[in-house]
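Residues per chain, in single letters:
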Amino acid sequence: MKKVYLVCATGIATSTMLRVKIEDYLEDHGIEADIRQFRVAELNASRLDADVIISTTSIPDEIRERATVVDGIPLITGQGDKEVLQKVVDILNS
Amino acid sequence: MESFLASVGDFLNSVGPLIVLPVVITLLGIILGQRPDRAFRSGLLTAVAFVGIFLTVGLLGDTVSKIGQDFAKATGTGLSIIDIGWPAASALAFGTPVGNLIIPIGILINVVLLLLGLTQTLDIDIWNFWHMAFVGAIVQFVTGSFGLALIAAAVSMVIALFLADWSAPLIQKYFKYPGLSIPHLQSAGYMLYAVPFALVLNRISFLRKLNLDPDTIRRRLGVLGEPIVLGLIIGILLAALARQSVVDVLTTGVNIAAVMLLIPRMVSILMEGLTPVAEAARDFMTKRFAGRKFHIGMDSAILIGNPAVIASGLLMVPIEIALALLLAPLGNQTLPFIDLADGVFVTAMLAPLVAGDVLLTVILGSIVMGTGLIFTTLLSPAVTQMVTAAGSAVSLPSGYASYTVMSDAAIPVTYVMYYIFQSPAILALIISAIALVLLYFLKARFPLGERLFRIDVPSDSDEGVGESAAPASD
């Protein structure tokens, strides 16, 4: 199963908002994925197994080199959220 | 009016957050256009979250109050007031009578200020209204008046919006988030106080030459960014200093690690319950203000991936402990604990004031947390009362320890409101009104990033979420 990391500063707040949104959307589109929440400071480049990282905060370069990172802020503001969701689906289907 | 409000407050208090908040969330969701079944599910989820949070706060109380007492006795430092951390405090604040009503009140205030053109921030960060509820709860403790508590929460909502407007140009340029602002008191609440110090520090050129590298610090101290590891280390360290037996030391370490993980997990359920309402509120407001220029108000958490913010936030862990010990003779009794994991919220909006220099950010952080620890000590009776009020539902060891919370009791805005509302009500209201007027002129005349701490960016980088920001003009 593809792995989705949801990342924010605390691993609690905005990443939960992302999860509510992403879970709903993936369920509607019949896509299964392993969704996990992290705080940005605990991401470790050496044990990273995400297919896609959706983050509401900026991600260090060494992490970016190992996984596709998608900006999650549009999912929170509601402006441009459709495009982000589509991008995530494209990555999970690829 | 006053007696009516008092009876509303008493009613909310006697029914309790397990019932009131879910009902408010469900009704609000329906009013904002959510499907009733989804609104009900959101409401129920908040109630379930409260059950979980109160259970884990019980664990927190059991574990940390014992170690706090032992630590103070064994070391003779007098640091006996325990920091319960923001996750627990957020639930306690939402659970107070003011907290039950803060979401509709906050939205109402925001809409009115937008209609009057007094703010440019549309705050979709409903979750962080708990900081305003916290101020309200503190004022309710001081004055005993539910009406004044509501007013204090409303005033702090306006303060948060004004601070967001004021700092918006700086935040947008420094973090490259066009169209966003941060009405989040946990970070923005430090800015006003830090600005004069930042102006001075920026003139001391040799400090900047030291140029600490944020990436090295993050790699070296990164382990402190992992809450369960930090919890284990702090638990073991403090228990050892408190001269507990070896088994107790290890048990305490594991218990603190558990607290660091479990309470946030429960709080995350609360977030899950509030998210659909927050989205409904966002859509409701953005629809009504379509075509107008505004900043979208967000959680300062979005700033925290910035390397300078992370590095200085990690450095705040040892610094906060050192400050607590150094300031003990000057009246500090706070033992920094759970919120050690979240120094990044302190540094998030200080870093742009010193152009992201790690050392200068840490110096600013030390200044605000130095006074912050005194504030947390002074506000401890109010926080302890919030804990015991909630604890009566979960058999917390009440009357057995003193609590505080660094994330919020350390914010100058919180303490100032606490201080002001110790005066007679009418005087407190006049002072708050004057403060709001002054803050309005500050944000209109001296926006950060424009007149103060000017950052110039090439105009072609103006893209991203929301309408691009129109800075407040003279």
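In what follows, the structure referred to is the one given above.
All values reported here derive from a predicted model rather than from experimental measurement. (Residues numbered from 1 in each chain as written. Chains lettered and ligands numbered in written order. Predicted model: local features only at pLDDT ≥ 70, side-chain atom pairs only at ≥ 80, totals over all residues. Heavy atoms only, no water.)

### Some remarks on the overall build of chain B
Alright, step 1. On a plain count of helices and strands, chain B comes out with 20 helices and six strands.
Alright, step 2. The C-alpha atoms of chain B give 22 Å as radius of gyration, which agrees with the globular expectation for 474 residues (23 Å, within 12%).
Alright, step 3. Across its three principal axes, chain B shows a C-alpha extent of roughly 65 × 60 × 45 Å.
Alright, step 4. Buried residues in chain B amount to 61% of all 474 residues.
Alright, step 5. Expressed as a percentage of contacts within chain B between residues at least 6 apart in sequence, the contacts between residues at least 24 apart total 82%.
Alright, step 6. For chain B, the accessible area works out to roughly 17,700 Å², and carbon and sulfur atoms hold 67% of it.
Alright, step 7. With 24 positive and 29 negative side-chain charges, chain B shows a spacing of 5 Å between the two charge centroids. (Helix = DSSP H or I, 4+ residues; strand = E, 2+ residues; numbered from the N terminus. Rg over C-alpha atoms; globule rule 2.2 N^0.38 Å. Buried < 20%, exposed > 50% of the residue type's maximum accessible area, 1.4 Å probe, protein only. Contact = heavy atoms within 4.5 Å. Areas by Shrake-Rupley, 256 points an atom, 1.4 Å probe, with all protein chains shown as cover. Lys, Arg positive; Asp, Glu negative; His and termini not counted. Charge placed at Lys NZ, Arg CZ, Asp CG, Glu CD.)

### Some words on the nonpolar core
Alright, step 1. One finds A:Ile54, B:Phe94, B:Ile103, B:Phe337 and B:Leu353 to be the most contacted residues of the largest nonpolar core, which totals 203 residues.
Alright, step 2. Counting residues per element, this core draws most heavily on helix α7 (residues 146-174) of chain B, which supplies 18 residues.
Alright, step 3. Those residues in contact with B:Leu353, other than ones at most four positions away along the chain, are B:Leu170, B:Met191, B:Ala194, B:Val195, B:Ala198, B:Asn202, B:Leu364, B:Leu448 and B:Phe453. (Core = buried A, V, L, I, M, F, W, Y, C linked by side-chain atoms within 4.5 Å.)

### Overview of the interface of chain A and chain B
Alright, step 1. Residue-level contacts link 29 residues of chain A with 37 residues of chain B.
Alright, step 2. Summing both sides of the interface, chain A and chain B together bury roughly 2,700 Å²; the carbon and sulfur share of this comes to 60%.
Alright, step 3. Between chain A and chain B we count five salt bridges in total.
Alright, step 4. For A:Arg19, the salt bridge is made with B:Glu272, and the minimal N-O distance between the two is 3.2 Å.
Alright, step 5. Where chain A packs against chain B, one counts eleven residue pairs in polar contact (both at pLDDT 80 or more).
Alright, step 6. Every element with two or more residues in the side of chain A that touches chain B is listed here: α1 (13-28), β2 (34-39) and α3 (73-77) of chain A.
Alright, step 7. Broken down by element, the side of chain A that touches chain B gets its largest block of residues, eight residues, from α1(A).
Alright, step 8. A class-by-class count of the residues in the side of chain A that touches chain B yields twelve nonpolar, ten polar and seven charged. (Buried area = accessible area lost by both parts, 1.4 Å probe. Salt bridge = Lys/Arg side-chain N within 4 Å of Asp/Glu carboxyl O. Polar contact = N/O pair within 3.5 Å; in protein donor to acceptor, adjacent residues only side chain to side chain. Nonpolar A, V, L, I, M, F, W, Y, C, P; charged D, E, K, R; others polar.)

### So, the pairing of strand β1 (residues 3-8) of chain A
All names here are of chain A.
Alright, step 1. Counting buried positions over the six residues of β1 gives five, a clear majority of the element.
Alright, step 2. Two strands pair when backbone bridges link them, and β1 and β2 are joined in this way by six bridges, in the parallel orientation. When the sheet's bridge partners are listed, Val7 is paired in β2 with Phe38.
Alright, step 3. Viewed along the sheet, the connection from β1 through α1 into β2 turns out right-handed. (Pairing = 2+ DSSP bridges. Right-handed = clockwise from strand over helix to strand, strands pointing away.)

### Let's talk about the sheet that holds strand β2 (residues 121-123) of chain B
Residue and element names in this part refer to chain B.
Alright, step 1. In space, the three strands of this open sheet follow the order β2-β4-β3, with parallel pairing throughout. Two strands in the sheet have a free side with no partner beyond their single neighbour: β2 and β3 (180-181).
Alright, step 2. Where α7 meets the sheet, it contacts β2, β3 and β4 (295-297), and its direction lies at approximately 120° from that of β2. (Axes fitted to C-alpha atoms, helices over the stretch in contact; angles between N-to-C directions.)

### A few points about the pairing of strand β3 (residues 52-55) of chain A
All names here are of chain A.
Alright, step 1. The alternating pattern of β3 places Val52 and Ile54 on one face and Ile53 and Ser55 on the opposite face, and all of these are buried.
Alright, step 2. Judged from the four bridges that link them, β3 and strand β4 (residues 68-71) form a sheet pairing that is parallel. In the strand pairing of β4, Val52 is matched with Thr68.

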